[in-house]
Amino acid sequence: MNLDILKFHETFNPILEILSTGETIHTRELQKLVIEKYFSKLSEEQLSEKTKSRENLINNRIETCR
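Residues numbered from 1 in each chain as written. Predicted model: local features only at pLDDT ≥ 70, side-chain atom pairs only at ≥ 80, totals over all residues. Heavy atoms only, no water.

What follows concerns unusual backbone geometry. Positive phi outside glycine occurs at Arg54, with the angle close to 75°. One can find Arg54 in the loop between helix 3 (44-47) and helix 4 (57-65). We classify Arg54 as exposed; its relative accessible area is 61%. (Helix = DSSP H or I, 4+ residues; strand = E, 2+ residues; numbered from the N terminus. Buried < 20%, exposed > 50% of the residue type's maximum accessible area, 1.4 Å probe, protein only.)

Shown next as structure tokens:
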């Protein structure tokens, strides 16, 4: 998977899967769990990619979808 083309909707199912336990999870923990379980094969370069506003791209995608 190329993180450059990671779309918001590609994080929906991973987020729902993590939240399906019904536990309260803080945003940072949710981001960590989604990345570990679903995006762990991405390179460090991909994981550290930034948005135009200098936010971490993958965390931005996960946070925006929650």
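On we go from here.
This brings us to the side chain of Asn56. Tracing the backbone through its elements, the reader meets Asn56 in the loop between helix 3 and helix 4. We classify Asn56 as buried; its relative accessible area is 18%. Engagement of the side chain of Asn56 in a polar contact is seen with the backbone oxygen of Leu47, the distance being 2.7 Å. Once residues within four sequence positions are removed from consideration, Asn56 is found in contact with Leu47, Ser48, Glu49 and Lys50. (Polar contact = N/O pair within 3.5 Å; in protein donor to acceptor, adjacent residues only side chain to side chain. Contact = heavy atoms within 4.5 Å.)

For the rest of this paragraph, the subject is the side chain of Asn59. Here Asn59 shows up in helix 4. Sequence-distant contacts of Asn59, that is, excluding residues within four places in its chain, are made with Arg28, Gln31 and Ile35.

Ile15, Ile18, Leu30, Val34, Ile35, Phe39, Leu42, Leu47, Ile58, Ile62 and Cys65 form the largest nonpolar core, which has 11 residues in total. Among the secondary structure elements, those contributing two or more residues to this core are helix 1 (12-19), helix 2 (27-38) and helix 4. (Core = buried A, V, L, I, M, F, W, Y, C linked by side-chain atoms within 4.5 Å.)

On the secondary structure map, Ile25 appears in the loop between helix 1 and helix 2. Residue Ile25 is classed as partly exposed on the basis of its relative accessible area of 22%. When sequence neighbours within four positions are dropped, the list of residues in contact with Ile25 reads Ile18, Leu19, Leu30 and Leu33.

Tallied over the entire structure, the rule returns two salt bridges. As a salt-bridge pair, Glu17 and Lys37 come within 3.8 Å of each other at their nearest N and O atoms. Of this pair, Glu17 sits in helix 1 while Lys37 sits in helix 2, placing them 20 residues apart in sequence. Residue Glu17 is classed as partly exposed on the basis of its relative accessible area of 40%. Residue Lys32 is joined to Glu36 by a salt bridge in which the shortest nitrogen-to-oxygen separation is 4.0 Å. In this pair, Lys32 and Glu36 both sit in helix 2, four residues apart, roughly one turn of the helix. (Salt bridge = Lys/Arg side-chain N within 4 Å of Asp/Glu carboxyl O.)

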